[in-house]
Amino acid sequence: MAGGTVHEKGLLAQDLPPWLKQITHRISEESRLFPSTINHVLINEYLLNQGIMPHQDGPAYVPVVAILSLGSSVVMDFTPHSSLNNSTDTSGNNINDKTSKPAHMAMNSREELNEYGPFSVVLMPRSLLIFKDKAYSDYLHGIEDREMQRYDEAVNVASSMKSHEQAKPVSGLKPATDDIETGGDTVIHRTSRRVSLTCRVVMKVHKNLIKL
């Protein structure tokens with residue numbers, strides 16, 4: 001991670017490296033969705049069949065997230081939950097990202113299912129996903145642990161295919177968009193690792209761990 005360590009009292013801040021500060025500044029300036037400067041970035045690497053359990057980001061963050069995807073394409077699933085009881089520690093002591101049960105186990109009424117439906121988003125190489133408000137507070141987001149993922153029901157499937165068709169190869173590198181299979185099977189075959197940069201704003205910031 002970059003930007004410091006998040007604990008129960010907020011962020012023990014460290015400066016972002018210049019290359020990362022340039023990226024987060026551009027995200028903030030062009031999206032205009034962040035209330036202040038992005039001060040924390042979580043950098044994760046995913047292997048071919050590796051995902052992440054459905055989870056809700058902790059209450060330490062402003063409810064808006066930007067995810068920059070590099071490497072392999074992948075499908076991220078958003079599943080609704082009926083309350084925060086299964087995904088939030090009410091003691092307030094654990095403010096890191098939290099895992100929870102799948103939405104179908106957390107939901108307890110048909111009315112809630114009708115109001116909030118699950119959906120998926122294709123994350124293409126060099127794509128930027130920003131979600132906020134209800135997508136942040138009322139949904140869990142995660143990625144399945146599998147090499148093959150269907151993408152035909154993703155909400156952005158049309159724009160993803162356009163991006164796939166227009167992608168320009170980078171000299172010396174295998175195009176990551178080769179993961180997309182557009183024949184009879186609308187699937188992503190993850191053939192390379194994926195790296196994600198999750199950019200967020202921590203509300204409470206502490207410059208020093210100990211005050212003398």
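Residues numbered from 1 in each chain as written. Predicted model: local features only at pLDDT ≥ 70, side-chain atom pairs only at ≥ 80, totals over all residues. Heavy atoms only, no water.

### Structural notes on the confidence of the model for the protein chain
Inference 1: When pLDDT is averaged across the protein chain, the result is 75; 62% of the residues are at 70 or more.
Inference 2: Taken as a whole, residues 84–114 scores under 50 in pLDDT and shows 55 contacts with residues more than four places along the chain or in a different chain. (pLDDT = per-residue confidence, 0-100. Contact = heavy atoms within 4.5 Å.)

### Notes on helix α1 (residues 18–31)
Inference 1: In this model α1 runs 20 Å from its N-terminal to its C-terminal C-alpha over 14 residues, within 8% of the 20 Å that 1.5 Å per residue would give.
Inference 2: Within α1, the full set of buried residues consists of Leu20, Thr24, Ile27 and Ser28. Down the axis of α1, the smallest arc covering the buried residues is 95°, so these residues share one side. Seen from the open side of α1, the exposed residues pointing more than 90 degrees away from its buried face are Pro18, Gln22, Arg26 and Glu30. (Helix = DSSP H or I, 4+ residues; strand = E, 2+ residues; numbered from the N terminus. Expected span 1.5 Å × (residues − 1). Buried < 20%, exposed > 50% of the residue type's maximum accessible area, 1.4 Å probe, protein only. Arc of directions from axis to C-beta.)

### Things to note about the pattern of salt bridges
Inference 1: By the definition in use, this model includes 6 salt bridges.
Inference 2: For Arg193, the salt bridge identified is with Glu45, shortest N-O distance 3.1 Å. A residue pair is termed long-range when its members are at least 10 positions apart, and Arg193 in the loop between β13 (187–189) and β14 (194–200) and Glu45 in strand β3 (residues 40–46) qualify at 148 residues.
Inference 3: Note on Arg193: relative accessible area 48%, which makes it partly exposed.
Inference 4: Of the residues examined, Glu45 reaches a relative accessible area of 43% and is grouped as partly exposed. (Salt bridge = Lys/Arg side-chain N within 4 Å of Asp/Glu carboxyl O.)

### Examining the sheet that holds β3
Inference 1: What the 4 strands build is an open sheet, ordered β3-β14-β5-β9; its pairing is antiparallel. Unpaired on one side and paired on the other, β3 and β9 (128–132) mark the two borders of the sheet. For this sheet, the mean angle separating the axes of adjacent strands, direction not counted, is 20°.
Inference 2: Relative to β9, strand β5 (residues 64–71) runs antiparallel, the two sharing 5 bridges. Bridged to Ala66 within β9 is Ile130.
Inference 3: Contacting β3, β5, β9 and β14, α1 runs over the sheet at an angle of about 60° to β14. (Pairing = 2+ DSSP bridges. Axes fitted to C-alpha atoms, helices over the stretch in contact; angles between N-to-C directions.)

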